[in-house]
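Next come the chains, spelled out residue by residue.
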Amino acid sequence: MSSVIVGRTGPFAGQSVVLGGAPLRFGRKSDNDVIIVSVSASRLHAEIVPEDGEFVLHDRTSRNGTFVNDQRVTRHVLKAGDSIRIGDETFLFETQEALETVLALSELDLPRVDAKVNPGEMRVTVTGGGPVGLAFALLLENSMPGRVAITVYDGRWIRNGSTVVWKDESQGNVRRQQVVTVQSRQYLALTEEIRSALFGSGGYSEMWPVGPDSVDGRPPRNIRIAYIEDKLLELANSKSAIRLVPKPFDVAEQEQRLSQEHLLVICEGGRSRTREHFADRFGAADASIYSLEGEHLQDVVLGLRVKSQLSDPMSVLLTVAQNRFLLNSLRGEGFLNMRLTREEAGNVVGIDPVRQVFEECIAARPCVMSRHTDNEFVCPTHGTLFLPALLRSSPLWKRIQEGLKLFGVAEDDLSAITSFRLDMVQRPRFTAELTRSTATSPGTYGLLLGDAANAIHFWPGRGLNSGLASAISLARTLTRAWQGRPLRDADFIRHEAAMSMLQYRHKSRAWNAMVAADGQGVTRAIKDIIAQSMEGDRAAELEADRTDLDVLLDRMLAIRERLAPRLPGMPSDDELREHLSALAPSTLRTLQESGPWDTLIVGGEEADIDIFYQPDPPVYVASPTDPRLIGQG
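Residues numbered from 1 in each chain as written. Predicted model: local features only at pLDDT ≥ 70, side-chain atom pairs only at ≥ 80, totals over all residues. Heavy atoms only, no water.

A few points about the sheet that holds strand E9 (residues 75-77)
The strands making up a sheet associate through hydrogen bonds between their backbones, and the pairing can be parallel or antiparallel. The strand order across the open sheet built from five strands is E4-E3-E5-E6-E9, with neighbouring strands paired in mixed fashion. For this open sheet the edge positions go to strand E4 (34-35) and E9, each flanked by a neighbour on one side alone. In the sheet, strand E6 (residues 54-59) pairs with E9 via three bridges, with the strands oriented antiparallel. Counted as the bridge partner of Val56 is Val77 from E9. (Pairing = 2+ DSSP bridges. Helix = DSSP H or I, 4+ residues; strand = E, 2+ residues; numbered from the N terminus.)

A look at the packing of aromatic side chains
Per the counting criterion, the structure on display carries eight aromatic pairs. Both rings, one in Phe199 and one in Tyr204, keep their centres 5.2 Å apart while their planes meet at 80 degrees; by these two values the pair is edge-to-face. Residue Phe199 is classed as buried on the basis of its relative accessible area of 11%. Site record: aromatic cluster; members linked through ring pairs are Tyr187, Phe199 and Tyr204. (Phe/Tyr/Trp six-rings, centres within 6.5 Å; stacked < 30°, edge-to-face > 60°. Buried < 20%, exposed > 50% of the residue type's maximum accessible area, 1.4 Å probe, protein only.)

Structural notes on unusual backbone geometry
At Asp52, a position not held by glycine, the phi torsion is positive, near 55 degrees. Inspection of the secondary structure puts Asp52 in the loop between strand E5 (46-51) and E6. Judged by relative accessible area, which is 83%, Asp52 ranks as exposed. Within the chain, Glu293 stands out as a residue other than glycine whose phi angle is a positive 55 degrees. Inspection of the secondary structure puts Glu293 in the loop between strand E21 (291-292) and strand E22 (295-296). The class for Glu293 is exposed, based on a relative accessible area of 81%.

A word on the sheet that holds strand E18 (residues 221-224)
Read from one edge of the open sheet, three strands run E16-E18-E17, paired in antiparallel fashion. The outermost strands of the open sheet, each flanked by one partner alone, are strand E16 (179-182) and strand E17 (204-205). Relative to E18, E16 is paired through four bridges, and the arrangement is antiparallel. Bridging across to E18, Val179 finds its partner in Arg224.

A closer look at the confidence of the model for the protein chain
Per-residue pLDDT for the protein chain averages 85, and the proportion of residues at 70 or more is 88%. Across the protein chain, element-level confidence peaks in strand E20 (residues 263-266) with a mean pLDDT of 98 and bottoms out in helix H2 (residues 105-108) with 36. Confidence drops under a pLDDT of 50 for residues 99-117, and excluding neighbours within four residues, the segment shows 31 contacts in the predicted structure. Long-range and interchain partners of residues 617-630, a stretch whose pLDDT sits below 50, account for one contact in this model, where long-range means more than four residues apart. (pLDDT = per-residue confidence, 0-100. Contact = heavy atoms within 4.5 Å.)

Observations concerning the packing of helix H3 (residues 131-143) against helix H6 (residues 225-237)
Interaxial distance between H3 and H6 falls to 9 Å at its minimum, and their mutual angle equals 30 degrees. In this structure, the crossing between H3 and H6 has a hand that is left-handed. Residues Pro131, Leu134, Ala135 and Leu138 of H3 lie in contact with H6, whose contacting residues are Ile225, Ile228, Glu229, Leu232, Leu233, Leu235 and Ala236. A class-by-class count of the residues in the contact of H3 with H6 yields ten nonpolar, no polar and one charged. (Axes fitted to C-alpha atoms, helices over the stretch in contact; angles between N-to-C directions. Left-handed = near helix turned anticlockwise from the far one by under 90°. Nonpolar A, V, L, I, M, F, W, Y, C, P; charged D, E, K, R; others polar.)

Side note on the environment of Ala149
Looking at where Ala149 falls in the secondary structure, it is placed in strand E13 (residues 148-153). Residues Ala149 and Ile242, 93 residues apart in the sequence, show an inter-C-alpha distance of 6.3 Å. Contact partners of Ala149, with chain neighbours within four places excluded, come to Gly10, Pro11, Glu121, Met122, Arg123, Val124 and Ala241.

Have a look at this one:
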């Protein structure tokens, strides 16, 4: 009965070696039989030696030890089912006959391998295990079964027994509870397995109506970011081709391992350190294209975690009728996002109650401040308190209270406060060759996905939609391109085109969510239009017989008429007037002058990456013409 070593996690995952009469050596040095690329492995780490009809695993004085079934060993007689861990990689010792009961014979048709790596397997490292990184890994694993080994790094994870889970707040990780809107164009492109995990148990709602981007009449779906992360991580734990590493990716530490990877897929978000490490390869981002009068535009948004008592149709109508507040929720619970003026953004600070000094953790990190006793919102990381809430008479806190009133939120139902900065840049490329292929390395390409490629903006979920689209595009590209040879620039033409289209749509939509034309037709930042609305008494500028309430109500009635066929249950005229009349005149003025959402731009058609992945059309090549016949009748 022959015995087999099978890779379970790491670059050797899915490969097997039939043990024979010669020792099988493991280690980082290139002349080992199984090369361990982990930095925690020694040059010659361990070997399996045949002794008296058995196979014995010997640790060769490695620095970090050799483990069998999670027990450190120096010499161990292997038994069927033993799990071996060397560095960060694991292997299974089994008899070939036993394995054949669960694996196809073709997968075991691997006599002792001469090559150090399987040339038919694509090796991929993903940095960042949020929704985009995990979705990409799962899509690629599904489309290339047995042909890909994926390693995903994220410092927000921790190992719990045999699985990897998200850290909680006590471990320094505050989960993202924001609700985002996923368009049907994106969720229908996911695998059936992913869709079942995300939408199979009612963890979503359909708050927004069917729109230009809806596919097959399917409406957008609201779902919580943390729920997406939980479900995708559960799926990834079940995939043998996906190895989850609960620590941040360190380029310098992983340099040797990275040289043996085909791809480095960067999904760490808008502040990606890995992307900045390779900034010379991806090129400098250009901020000038998103500038107004020489100033690079940025918005600061206050995120208020709330529970609203309003119906979804009322919340949708109130949201799209003005540019100051936006509520995105799951059955009333979610985040009320408040666009801040420049002055208000400067007031988003915390105070250290012990040292009595101001801290900008909520504005700079940003941190999430949860409600504790009385009116204290406390940062669990820095121990600071949200200053405007302590100064209940402060202008910013009064305006926050007006936003709560607009969306039917009792003050006690405001449970946390955070902020985020909206920043737009133009990236010259999304694909870069990091290292060239050599006789001993395959050549490594780097790719930007998600917010590492395109930053978020004020419309919740648009960053996730663009991120999912970028993950879908890359998975499709690699499935087409991979032939077991080093990759080339030409392999990424379709993906690079799709990313450029996503960038244009993403940024044009974001730009139109940040600027608007004022009454004189001059383009100005919406935050400055809001600030101007607060200067003195501007109500006299309206016609004598019309108030801010009248103008705002007329606007809502027109929007209601447009949305009613797609969103039943809209409020009546009297309900709208009664609701708006409860607001302060200064709030009505700001809402009216901020203008409505430009839904033709912001909510218009999403970039359709499918056009780049249609079956190749036949190419017509004209028959060559004999030059001697040219001109003859």
